[in-house]
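Structure at a glance
Below, each chain spelled out in residue letters.
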Amino acid sequence: MDLIVITLIITVSFVILSFTSLVHKKPKGGKYLKSLPSFPFIGSLLSLRSNLPAHLLLQSFQKDYGDLFSLMIGHQYVVVINHYRYAKEVLAKKGMIFAGRANTVTTNLLSRDGKGIAFANISPAWRFHRKLVHSHFYTARSGKETLEEIICKEAALICSNFEQLVASPVDIMINLTWFLANVIGMLCFNSTHERDDPEFLKVLKYKQGIVETVRGGHLLDTFSWLKYFPSERLQALKRSLAIRESILTKKFEEHKANFKSDSVKDLTDAMLKAQENAKTNSLLPGPQLTDDHLMATMGDIYGAGLETMSIIHTWLLFYLLLHPEIQSKIQEEIDNNIGFERAPKLSDRKNLHFLNATISETLRIQPVAPLLIPHVALVDTSIGGYTIPKGTQVTINLWAIHHDEKEWKNPGVFDPTRFLSKEGKHTHPPSPSFMPFGAGPRICVGEALTKMQLFLFFATFLQRFSVEFPPGQQLTDLKRKFRIVQQPGDFKVQLKSRKKWRGCTP
């Protein structure tokens, strides 16, 4: 009997969705984009069958379909952008028009049904949450320390830990995640973890679990009715999110129990104060400042923020490992401009041009999210003169934009000098196609924080250490892990203390 019921459900769903696909006609009189072949029910899924990662596959369609084309994912109309000109029209010029987010099974789980910052539709509540996070990160103090002081303190701590690991190969990504988790932990919760803290090990587990199970374009997000059937991927994602929720709930409840409105020490306190103020201030979005909304924002910052920043740091270290001549040049710059009598400061950024250029080149060649989170058109509009109906999902292929041969000479080559002027100074990017954090109203809220962390950590790290391949090992293949974010393959490094640093007082 159960088998008959399941068969009936699938059959009815197929008929309904097939009919929906057949009747999904575009309004007359518009100018529409060239599209991949599409069929009832499945849309263009047959054209998307490939062993290539999604961003490379979509880039490959440029030859036949151009920089701007469309396709159907089930009955969802999708526009793909492979050129910066159209990307900036969507993100910046028409940023408010394309500020919607897709409603999928995965994003609803990640965002508590569309709350928070990353996956919420634009609204007064979304603007308030974003402004709250931004102002706390960059203008407030966490406890008695500024953001720069927190980063410098944690960078010095992890480097002291590295001193004990010089003799053996080091799993660098775990250690970088520890450093970043402590920085974000101080900002969000005014607390840090020890390297072997059970809670930190849980953070590592849920972080990687989410990355392993969240994949763009999965059938579960195309046909949402599949969530009613057994799915190991869905269950694995729910298990990872349950770990994350248990950690965040514990910290949130502790903050609520000890909250004092006249003593705001971290982002959680700042959100609780806003929640309290909303009770007496009608101008604040009270209904959108429930515990559920605040927890969703915490999940965005401590979850997605931690993952993306740890990957960017790991990629930069990876390229330093592959290019020892670049590593040496940065160290020479540090030696000449900072020396060894003090630790690097943010004010040194104006003198460390080659380090800044190396950071920029890493952000270009290895965008963490090769495909930006899809945007949704909130009204009927256009891109490049082509008609875009309300509800259209827009996918921006940042990988294609950052590897456009018309904009970047030898785009597959890691070359920091492309971000240097003839005088050797870090300068504006040579192409307007450089947009590692997006653009417009939905630009990454952690852009300034990420840049600050990259600079201060690597200036501190390279002042003290060099990195090499462990004896007898070499990396002949990047072995990237292509998922919702792009990770380097697992690797270890051999740390070497710099002779000039030994015995010096930081």
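All residue numbers here refer to positions counted from 1 along the written sequence of the relevant chain. Two thresholds apply to this predicted model, a pLDDT of at least 70 for residue-level local features and 80 or more for giving and counting side-chain atom pairs, whereas whole-chain, interface and lining totals are computed over all residues. Excluded from the side-chain calculations are hydrogens and water; all other atoms, namely the structure's heavy atoms, are used.

This part covers the overall build of the protein chain. Secondary structure elements are defined from DSSP: runs of H or I of at least 4 residues count as helices, runs of E of at least 2 residues count as strands, and each element is numbered from the N terminus. Along the backbone of the protein chain there are 17 helices and 12 strands. The proportion of buried residues among the 506 residues of the protein chain is 52%. Using a 1.4 Å probe, accessible areas were evaluated by the Shrake-Rupley method; residue-level cover was limited to the displayed protein chains. For the protein chain, the accessible area works out to roughly 23,400 Å², and carbon and sulfur atoms hold 56% of it. Only protein chains enter the area calculation, which uses a 1.4 Å probe; residues under 20% of their type maximum are buried, those over 50% are exposed, and those in between are partly exposed.

Of all 6 residues that make up strand E2 (residues 76-81), 5 are buried, and the element is covered over most of its length. Strand pairing is assigned whenever DSSP detects at least two bridges linking the two strands. Examined bridge by bridge, strand E1 (residues 68-73) and E2 share 6 bridges and lie antiparallel to one another. Counted as the bridge partner of Leu71 is Val78 from E2. In sequence, E1 turns back onto E2 through a hairpin of 2 residues, with Gly74 there showing a positive phi of about 65 degrees. Summarising the sheet, E2 and strand E8 (residues 393-396) pair through 4 bridges and their orientation is parallel. Residue Ile81 lies in a different strand from E8, and its bridge partner there is Ile396.

With that out of the way, let us pick up the environment of Asn108. Structurally, the position occupied by Asn108 is in helix H5 (residues 105-110). Along the backbone, Asn108 and Phe119 are 11 residues apart, and their C-alpha atoms lie at a distance of 8.0 Å. Contacts were defined at the residue level, with two residues in contact if any of their heavy atoms lie within 4.5 Å. Those residues in contact with Asn108 that sit more than four places away from it in its chain are Asn103, Asp113 and Gly114. Here Asn103 takes part through its side chain, which lies 2.6 Å from a polar atom of the side chain of Asn108. Pairs of N or O atoms within 3.5 Å make up the polar contacts considered here, provided that, within protein, one atom can donate a hydrogen while the other can accept it, and that residues adjacent in sequence are counted only when both atoms are side-chain atoms.

Right, let's get into the sheet that holds E8. Spatially, E1-E2-E8-E5-E3 is the arrangement adopted by the 5 strands of the open sheet, whose pairing is mixed. Both edges of this open sheet fall to E1 and strand E3 (100-101), since each of them pairs with a single strand only. The strands touched by helix H4 (residues 84-93) within the sheet are E1, E2, strand E5 (375-376) and E8, with E8 carrying the most contacts at an inclination of about 130 degrees. Each axis is a line fitted through C-alpha atoms, taken for helices only over the stretch in contact, and angles between the N-to-C directions span 0 to 180 degrees.

What follows covers helix H12 (residues 267-277). For H12, the buried fraction is high: 8 of the 11 residues fall into the buried class. Turning to H12, its buried residues are Leu267, Thr268, Asp269, Ala270, Met271, Leu272, Ala274 and Gln275. Sitting at the amino-terminal end of H12 is Asp266, which places a side-chain oxygen 3.2 Å from the backbone nitrogen of Thr268.

Quick look at the sheet that holds strand E9 (residues 465-468) now. In spatial order, the strands read E4-E12-E9; together these 3 strands make up an open sheet with antiparallel pairing. Of all the strands in the sheet, just strand E4 (170-171) and E9 have a single pairing partner and so form its edges. Sheet topology places E9 next to strand E12 (residues 492-497); 4 bridges connect them, and they run antiparallel. Paired with Ser466 across the two strands is Lys496, which belongs to E12. Against the sheet, helix H17 (residues 447-464) touches E9 and E12, its axis set at about 85 degrees to E9.

Another point: the side chain of Glu333. When you line up the elements, Glu333 lands in helix H14 (residues 324-337). For the buried Glu333, which has no salt bridge, the nearest side chain bearing the opposite charge is Lys329, at an N-O separation of 7.6 Å. Apart from the residues lying within four places of it in its own chain, the contact partners of Glu333 are Asn351, Leu352, His353, Phe354 and Leu355. Counting rule for charge: Lys and Arg are taken as positive, Asp and Glu as negative, and neither His nor the chain ends is counted. A pair is scored as a salt bridge if a Lys or Arg side-chain nitrogen falls within 4 Å of a carboxyl oxygen belonging to Asp or Glu.

This part takes up the nonpolar core. To form a nonpolar core, buried Ala, Val, Leu, Ile, Met, Phe, Trp, Tyr and Cys residues must be joined to one another through side-chain atoms within 4.5 Å. Membership of the largest hydrophobic core comes to 102 residues, with the highest contact counts inside it found for Phe162, Leu320, Phe457 and Phe461. If you look at the next biggest cluster of nonpolar residues, it comprises 22 residues, including Leu68, Val79, Ile81 and Ile388.

For the structure shown, the criterion picks out 15 salt bridges. Glu245 serves as the salt-bridge partner of Arg112, at 2.2 Å between the closest nitrogen and oxygen. Note that Arg112 is positioned in the loop between H5 and helix H6 (124-139) and Glu245 in helix H11 (residues 232-258), a separation of 133 residues in sequence. The network of salt bridges with common partners includes Arg112, Lys115, Arg244, Glu245 and Asp292.

What follows covers the packing of aromatic side chains. Two rings belonging to Phe, Tyr or Trp (six-membered ring only in the last case) form a pair when the distance between their centres is within 6.5 Å. Interplanar angles under 30 degrees mark stacking, angles over 60 mark edge-to-face geometry, and anything in between is tilted. Scanning the entire structure with this criterion turns up 21 aromatic pairs. Between Phe61 and Tyr65 the ring centres are 6.1 Å apart and the planes differ by 85 degrees, which places this aromatic pair in the edge-to-face class. A relative accessible area of 12% means that Phe61 is categorised as buried. Considering the side-chain rings of Trp408 and Phe419, the 5.9 Å spacing of their centres and the 40 degrees angle between planes classify their relative orientation as tilted. Residue Trp408 is located in the loop between helix H16 (398-402) and H17, and its partner Phe419 is located in the loop between H16 and H17; the two are separated by 11 residues in the primary sequence. Side by side, Trp408 and Phe419 carry an identical accessibility label, which is buried. Grouped by ring-pair contacts, the aromatic residues Phe162, Phe179, Phe457, Phe458, Phe461 and Phe465 constitute a single cluster. Sitting over the face of the ring of Tyr65, Lys34 holds its NZ or CZ atom 5.5 Å from the ring centroid. Between Arg85 and the ring centre of Tyr86, over which it is positioned, the NZ or CZ distance is 4.9 Å. Sitting over a ring, as applied to charges here, requires NZ of Lys or CZ of Arg to be within 6 Å of the ring centre and within 35 degrees of the ring normal.

Here Ile73 is to be found in strand E1. Overall, the relative accessible area of 19% leaves Ile73 in the buried class. Along the chain, Ile73 and Leu45 lie 28 residues apart, while their C-alpha atoms are 6.4 Å from each other.

The α-helix winds at 3.6 residues per turn, so residues separated by three or four positions along the chain end up facing the same way. A helix is expected to reach a length of 1.5 Å times the quantity of its residues less one. Along its 18 residues, H17 runs 26 Å from first to last C-alpha, staying within 8% of the 26 Å computed at 1.5 Å per residue. Across the 18 residues that make up H17, a large majority, 15, are buried.

Structurally, the position occupied by Asn397 is in the loop between E8 and H16. In this structure the side chain of Asn397 is engaged in a polar contact, spanning 3.0 Å, whose partner is the side chain of Asn82. For Asn397, the contacting residues outside a window of four places in its chain are His55, Leu58, Gln59, Ile81, Asn82, Pro370 and Leu371.

With that settled, the discussion passes to unusual backbone geometry. One can expect most non-glycine residues to show negative phi and most peptide bonds to be in trans. Phi angles above zero are rare outside glycine, and Arg112 is one such case at about 55 degrees. A relative accessible area of 22% means that Arg112 is categorised as partly exposed. Positive phi, normally seen in glycine, also occurs at Asn410, with a value near 45 degrees. Of note, Asn410 is situated in the loop between H16 and H17. Owing to a relative accessible area of 48%, Asn410 belongs among the partly exposed residues under this scheme.

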